[in-house]
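# A closer look at the structure
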Amino acid sequence: MEEKKTIFSYLSQVLVIFSITVLCMTMFTHFFGESAREISALYRMGGEGIPLEIIPELFLLSIIVVVLQYLFVTDLLFKKMPVLARIVCMVVSILVVMCGFILLFDWFPADMWQPWVLFLVCFAVCFFVSAGISALKTRIENKKLMEGLENVKRHWEAEYEKTD
């Protein structure tokens, strides 16, 4: 059963995505910042940290990702689209938006293939880790629901036997 979403639910999703993004950027900056300093605005400060103007860009990206999730996961726009098609369209949309941010904010040179390959590999890894976590969460929730249903059935059977 899906819980009712509030603005706080969406804000918490934005903050989770933003936090994970900043943590990943911090890790990448630590390991690759010095070598990427000359080619990427993201690593302009080398290993010293993330440039300040990048933070609101990442926050805006997090907001857009949550909006896209909302549009594709709910029945608001795509009532008859199968779930798998929605997921594929959502992932492609997020990928397109991220590419737009890369180009718009000049996060790395558009004419170098190496950063694009690394970006796509990181995107794929993050997607599959996220999908795995979501599947695990769903499996755990389903198991709890089934256990609860079994408890209710046993309770009803016990009550039915008492009335006989």
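Everything numeric here is computed off the predicted structure, so don't read it as measured data. (Residues numbered from 1 in each chain as written. Predicted model: local features only at pLDDT ≥ 70, side-chain atom pairs only at ≥ 80, totals over all residues. Heavy atoms only, no water.)

Before going further, it helps to spend a moment on the pattern of salt bridges. Tallied over the full model, the rule gives three salt bridges. Taking the shortest distance from any N to any O, the salt bridge between Lys-137 and Glu-141 comes out at 3.8 Å. Placement of the pair is Lys-137 and Glu-141 together in helix α4 (residues 113-163), with a separation of four residues, close to one helical turn. (Salt bridge = Lys/Arg side-chain N within 4 Å of Asp/Glu carboxyl O. Helix = DSSP H or I, 4+ residues; strand = E, 2+ residues; numbered from the N terminus.)

What the rule picks out here adds up to ten aromatic pairs. A centroid spacing of 5.3 Å and a plane angle of 90° characterise the contact between Phe-18 and Phe-59, whose relative ring orientation is edge-to-face. In this pair, Phe-18 sits in helix α1 (residues 7-36) while Phe-59 sits in helix α2 (residues 54-73), placing the two residues 41 residues apart along the sequence. Judged by its relative accessible area of 17%, Phe-18 is buried. Using a relative accessible area of 30% as the deciding quantity, one classes Phe-59 as partly exposed. An aromatic cluster is built from Phe-108, Trp-116, Phe-119 and Phe-123, whose rings are joined through pairwise contacts. (Phe/Tyr/Trp six-rings, centres within 6.5 Å; stacked < 30°, edge-to-face > 60°. Buried < 20%, exposed > 50% of the residue type's maximum accessible area, 1.4 Å probe, protein only.)

Another point: unusual backbone geometry. Backbone geometry at Asp-106 places phi at a positive 55°, although glycine is not the residue there. Inspection of the secondary structure assignment puts Asp-106 in the loop between α3 (83-104) and α4.

With their axes 12 Å apart at the nearest point, α3 and α4 run at an angle of 145° to one another. At the point where α3 passes α4, the crossing takes the right-handed sense. Counting all contacts with α3, which are made through Val-91, Ile-94, Leu-95, Met-98, Cys-99, Ile-102 and Leu-103, the residues of α4 involved are Trp-116, Phe-119, Leu-120, Phe-123 and Phe-127. Residue composition of the contact of α3 with α4, grouped by class: twelve nonpolar, no polar and no charged. (Axes fitted to C-alpha atoms, helices over the stretch in contact; angles between N-to-C directions. Left-handed = near helix turned anticlockwise from the far one by under 90°. Contact = heavy atoms within 4.5 Å. Nonpolar A, V, L, I, M, F, W, Y, C, P; charged D, E, K, R; others polar.)

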